[in-house]
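# A structural walkthrough
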Amino acid sequence: MTRLSAALGDVLEIAIGTMSAWELAAAPILLAGLVLAGVWAARRDFRSYVQLLRRGFAGALLLVGSGAVVVGWFVCFDTATITGTETTPAAQTSWILSMALFSAGVSLLSGVAAYALGGWLSGAVNNDGRYNLIIAIDGPAASGKGTLAKRIAAHFGYAWLDTGLLYRAVARDVLATGGRLDDVEAATRAARAIDAASLADPALRGPRAGDAASIVAKIPEVRAALLAYQRAFARQPGGAVLDGRDIGTVVCPDADVKIFVTASDEARARRRFLEHQSRGENISYEELLADIRTRDARDQSRAIAPLEAAGDALYLDTTNLDADEAFEAAMEMIAKRTKCRET
Ligand code: DC
């Protein structure tokens, strides 16, 4: 072993002695570049970043492992070739190749470590050392998904997007310019020009805006125009909760947790009725029940991205649950789903 370290020491001394300042600086510059690449990649698309990191790590381990086996063989059985005292050209070549394999593995491992450091620095990993999640909450109107999504987001400190507001805003903007809700061109133009800051508009609340939204939501071009915004929102490094109709199926099919919230038609209409009453608005229970049924039928039957649960979604029926009970049940589902992942 001492002979091996002496031989390695000699090799390093010769290599470093013959390098220019630029060549010596190349490795730290490359590693710094990989740290920056890690920060950028983790912020841009966290899932793809993790995938690449895993592949790089597996490749580096393979190289280091196989290099270590052959280097180990020389150390145990052929130290004469290492020190060059008694060897053949074939043995010398094999020794050089073994060292090259091992060194390539170590270099790749250092690169992967730098890339991983970048991901950690990007803020995509939270204080507990866990990756931030994408949580998809889908369900029909007034199922309680919005209240639930907002609360889950607040609990984890994640960003929250009520995607229904996007469709409501498109409908509002089409109507504001005197257009018709089924005018594909006008609706697509409005979807492309959507301004996230305008989603706080109180006029977007209420059954009429919801009904109008469900008409523009049938237009494939409108859905396509809103997709990139929703996906970028979901992939932000701080973690995100999105609620809507197609989050688990279309917007984020790779979400870490998918919950499909349901409740009976009557329970949903009753909730909406109480909400309107508390705001002093005079809309009858029957009108709200009819609106909910019409909207469900339209959302479920449309050709593109209909309201449906993803195959891997967990069902949460809130008919007999209050907001606290629904939240507790959802938190159990999140714990169950994330326990079997390295989040
Ligand atoms: O969730 P909400 O009631 O605000 O949604 C209003 C309408 O928008 C809903 O009836 C269908 C449509 N929508 C959609 O098609 N896809 C989504 N992800 C969210 C809402």
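Just so you know, these numbers come straight off a predicted model, no measurement behind them. Within each chain, residue numbers correspond to sequence positions counted from 1 in written order. Predicted model: local features are reported for residues with pLDDT of at least 70 only, side-chain atom pairs are reported and counted for 80 or more only, and whole-chain, interface and lining totals are derived from all residues. Side-chain measures here rest on the full set of heavy atoms in the structure, leaving out hydrogens and waters.

### Observations regarding the sheet that holds strand S3 (residues 240-244)
Heads up, the condition is: Here, any two strands with at least 2 DSSP bridges between them count as paired. Each helix is a run of H or I in the DSSP string that is no shorter than four residues. Each strand is a run of E no shorter than two, and both are numbered from the N terminus. Throughout, an axis means a line fitted to C-alpha atoms (over the contacting stretch in the case of helices), and angles, computed between N-to-C directions, take values from 0 to 180 degrees. Contacts are assigned to residue pairs that have any heavy atoms within 4.5 Å of one another.
Reading across from one edge, S2-S3-S1-S4-S5 is the order of the five strands in this open sheet, with parallel pairing throughout. With partners counted over all chains shown, the strands left at the sheet margins are strand S2 (159-162) and strand S5 (314-317), one partner each. Pairwise comparison of adjacent strand axes, ignoring direction, gives a mean angle of 20 degrees for this sheet. Taken together, the four bridges between strand S4 (residues 257-262) and S5 define a ladder with parallel strand orientation. Of the residues in S5, the one forming a bridge with Ile259 is Leu314. Against the sheet, helix H10 (residues 220-234) contacts strand S1 (134-138), S2 and S3, and its axis sits at roughly 145 degrees relative to S3.

### Considerations on the side chain of Lys145
For clarity, the threshold we go by: Buried, partly exposed and exposed residues are distinguished by accessible area as a fraction of the type maximum, computed with a 1.4 Å probe on protein chains only: under 20%, between the cut-offs, and over 50%, respectively. All tallies of charge rest on Lys and Arg as positive and Asp and Glu as negative; His and the ends of each chain are not included. Counted as salt bridges are all cases of a side-chain nitrogen of Lys or Arg within 4 Å of a carboxyl oxygen of Asp or Glu.
On the secondary structure map, Lys145 appears in helix H6 (residues 145-156). One buried charged side chain, Lys145, makes no salt bridge at all; its nearest oppositely charged neighbour is Asp243, positioned 4.5 Å away. The residues touching Lys145, leaving out its near neighbours within four places in the chain, are Ile137, Asp138, Gly139, Pro140, Asp243, Gly244, Arg245 and Val261.

### Points about the site of the ligand
Put simply, the test is: We call a residue near a molecule or strand when any one of its heavy atoms sits within 4 Å of it. Whenever a nitrogen or oxygen atom comes within 3.5 Å of another N or O atom, the pair is scored as a polar contact, on the condition that within protein one atom can donate a hydrogen and the other can accept it, and that pairs from neighbouring residues in sequence are kept only if both atoms are in side chains. In these tables, accessible area is a Shrake-Rupley quantity obtained with a 1.4 Å probe, and a residue counts as shielded only by the protein chains included in the view. The definitions used throughout rest on a 1 Å grid laid over the protein atoms alone, on which a cavity is an enclosed set of points accommodating a 1.4 Å probe that cannot get out and a pocket is an open set flanked by protein within 12 Å on both sides along at least five of seven lines; lining residues are those having an atom within 4 Å of a point. Each molecule is assigned to a cavity or pocket provided more than half of its atoms lie within 2 Å of the corresponding grid points.
In the neighbourhood of the ligand, 16 residues make up the surrounding shell, with Arg168, Arg223, Arg245, Asp246 and Asp299 lying closest. A distance of 2.7 Å is found between an oxygen atom of the ligand and a side-chain nitrogen or oxygen belonging to Arg168. In the environment of the ligand, an oxygen atom lies 2.8 Å from a nitrogen or oxygen atom belonging to the side chain of Arg223. Its free accessible area being 450 Å², the ligand has 97% of it covered by the protein chains. In this structure the site holding the ligand corresponds to the largest pocket.

### Notes on helix H3 (residues 46-77)
Threshold: How far a helix is expected to stretch is found by multiplying one less than its residue total by 1.5 Å.
With 32 residues, H3 extends 46 Å from end C-alpha to end C-alpha; this agrees with the ideal 46 Å at 1.5 Å per step. Among the residues of H3, those classed as buried are Phe46, Tyr49, Val50, Leu53, Gly56, Ala60, Val64, Gly67, Val71 and Phe74. Where H3 is buried, its residues meet helix H2 (21-44), helix H4 (79-83) and helix H5 (89-121).

### Regarding the domain arrangement of the protein
Inclusion rule: Domain extents, as shown, originate in an automatic or database domain assignment. When two parts are brought into contact, each loses some accessible area as probed by a 1.4 Å sphere; the total of that loss over both is the buried area. Only Asp, Glu, Lys and Arg are considered charged, only Ala, Val, Leu, Ile, Met, Phe, Trp, Tyr, Cys and Pro nonpolar, and every remaining residue, Gly among them, polar.
What the domain assignment reports for the protein is domain 1 (2-126) and domain 2 (134-342). Taken over C-alpha atoms, the centre of domain 1 sits 49 Å from the centre of domain 2. Listed as interface residues are nine residues of domain 1 and, on the opposing side, seven residues of domain 2. Of all residues in domain 1, Arg43, Arg47 and Arg54 bury the most surface against domain 2, accounting for 58% of the area lost on that side. Seen at the junction of domain 1 and domain 2, the total is zero salt bridges. The interface formed by domain 1 and domain 2 contains zero residue pairs in polar contact (both at pLDDT 80 or more). Broken down by secondary-structure element, the contributors of at least two residues to the side of domain 1 that touches domain 2 are H2 and H3. When its residues are assigned to classes, the side of domain 1 that touches domain 2 shows one nonpolar, three polar and five charged.

### Structural notes on empty space enclosed by the protein
Stated precisely, the cut-off is as follows: Grid points are joined across faces, edges and corners, and a volume is the space filled by probe spheres set on the points.
As enumerated under the stated definition, the model contains one cavity of 30 Å³ or more in all. Of the pockets and cavities examined, the largest cavity occupies roughly 30 Å³. Around the largest cavity sit Phe46, Arg47, Ala124, Asn132, Leu133, Ile134, Ala234, Gln236, Pro237 and Gly239, which together line it. Split into classes, the residues belonging to the lining of the largest cavity amount to six nonpolar, three polar and one charged. The residue makeup of the lining of the largest cavity includes at least three contributed by each of domain 1 (2-126) and domain 2 (134-342).

### What about the pattern of salt bridges?
A complete count under the given rule lists 18 salt bridges for this structure. Note that Arg245 is salt-bridged to Asp299, the shortest N-O span being 3.2 Å. Residue Arg245 is found in the loop between S3 and helix H11 (247-251), and its partner Asp299 is found in helix H13 (residues 285-301); the two are separated by 54 residues along the sequence. Note on Arg245: relative accessible area 14%, which makes it buried. A salt bridge links Asp299 to Arg302; the nearest nitrogen and oxygen atoms lie 3.6 Å apart. By relative accessible area, which is 6% here, Arg302 ends up buried. Connected via shared salt-bridge partners are Asp265, Glu266, Arg268, Arg293 and Asp296.

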